[in-house]
Amino acid sequence: MLSRTRNSILAAAAALFIGSAPVCFAQGYAVPSANDVVDLTPTLSTKLKQWWPFGHHAPQVFDYKKHGEYAYTADLLLIDNDTALQLDCPPHMMPPLESGLPNAGYWGSMTCDKAPVWQMMGETVKVDGRSILDKTGAGEIVIFHTGFTDAHFRMPERGRVEAAVAGPVNGETEGWPAATPEVIQHLAKKGVRHVAIDAPRIGSVVEKEAAMTFWAAANEGMVISSYLIGAGQLPPTGAFYVFLNPKIENGHGGPGRAAAILPHK
């Protein structure tokens, strides 16, 4: 009843401002409740090792304006684009075609600010090892559910090896399940343009193998979101996934926030 009342108010407001009969999108809009939305984003924290080792930098937060001195607060954020939940667009691994560099390609110019916003959202197909990839269709977003982030994303503990990123990369703990280039190519043929995974990256912990997977995705103009958490809460199909990140000019990737709206029962 409350939802219907709200929809009527939205429809009336639309008619008032547009100057015509109520529009159908307002009539059909249902406000999601707390139980309808799954937050798939792990918290970005300077206390957690969520960045890649070997030359990448830990996130830094500089509180340069604080309450007491100012009427508001302001932070300067310094974040490596390969930190925590992240989006990777083709130029992350593919140079622009005109560069003449090895592995350069057409999609090497599609930085994240140029990627169409529709590519950042869509109905989901969750793959957990038992699902059949042939169920996917054009425009759908394939989420590889591994359970890896849920199992290993935690605060550091003295004496315990960090098992989310540094441990696997350093060979101290087991790596994560990953997609192969062949899987990416198969999905691309079916019209999939966005793949996601609840692991540090879509490719293997082995750098050469990971590069092949990223190149396969870049060659198809795919975008990738990785380091999701809580993907097990999604149904096999039918949820609506959204990943939005800051629209930075010529940015090839970086942090953002992901969520999924569950289908109505």
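As a reminder, the structure under discussion sits directly above these lines.
Residues numbered from 1 in each chain as written. Predicted model: local features only at pLDDT ≥ 70, side-chain atom pairs only at ≥ 80, totals over all residues. Heavy atoms only, no water.

A closer look at the overall build of the chain
Then, number 1: For the chain, the count of helices and strands is 6 helices and 11 strands.
Then, number 2: The buried share of the chain, taken over its 265 residues, is 42%.
Then, number 3: For the chain, the share of sequence-separated contacts (at least 6 apart) that also reach a separation of at least 24 residues comes to 66%.
Then, number 4: Of the accessible surface of the chain, which amounts to about 14,700 Å², a share of 58% is contributed by carbon and sulfur atoms. (Helix = DSSP H or I, 4+ residues; strand = E, 2+ residues; numbered from the N terminus. Buried < 20%, exposed > 50% of the residue type's maximum accessible area, 1.4 Å probe, protein only. Contact = heavy atoms within 4.5 Å. Areas by Shrake-Rupley, 256 points an atom, 1.4 Å probe, with all protein chains shown as cover.)

Some points on the state of the cysteines
Then, number 1: Throughout the structure, instances matching the rule amount to 1 disulfide.
Then, number 2: What pairs with Cys89 in a disulfide is Cys112, and their sulfur atoms sit 2.2 Å apart. Between Cys89 and Cys112, the disulfide has an S-S torsion of 120° and is therefore right-handed. With Cys89 in the loop between strand E4 (86-88) and strand E5 (121-127) and Cys112 in the loop between E4 and E5, this pair connects stretches of sequence that are 23 residues apart. Here Cys89 matches Cys112 in class, with each residue buried. (Disulfide = S-S within 2.5 Å.)

Let's talk about helix H5 (residues 181-189)
An α-helical turn contains 3.6 residues, so a residue and the one three or four places further along point in the same direction.
Then, number 1: Taken together, the buried positions of H5 are Pro181, Ile184, Leu187 and Ala188. Each buried residue of H5 lies within a common arc of 125° when the element is viewed along its axis, so the set occupies one face. Across from the buried face of H5, at angles greater than 90 degrees, the exposed residues are Glu182 and Lys189.
Then, number 2: Lining the buried residues of H5 we find strand E6 (141-144), strand E7 (194-197) and helix H6 (207-219).
Then, number 3: Trailing H5 by a residue or two, Gly191 shows a phi angle of about 95°, which is positive. (Arc of directions from axis to C-beta.)

Thoughts on the environment of Lys66
Then, number 1: Of note, Lys66 is situated in the loop between strand E2 (60-65) and strand E3 (74-78).
Then, number 2: Residue Lys66 is classed as partly exposed on the basis of its relative accessible area of 43%.
Then, number 3: Dropping the residues within four chain positions of it, Lys66 is found in contact with Tyr72 and Thr73.

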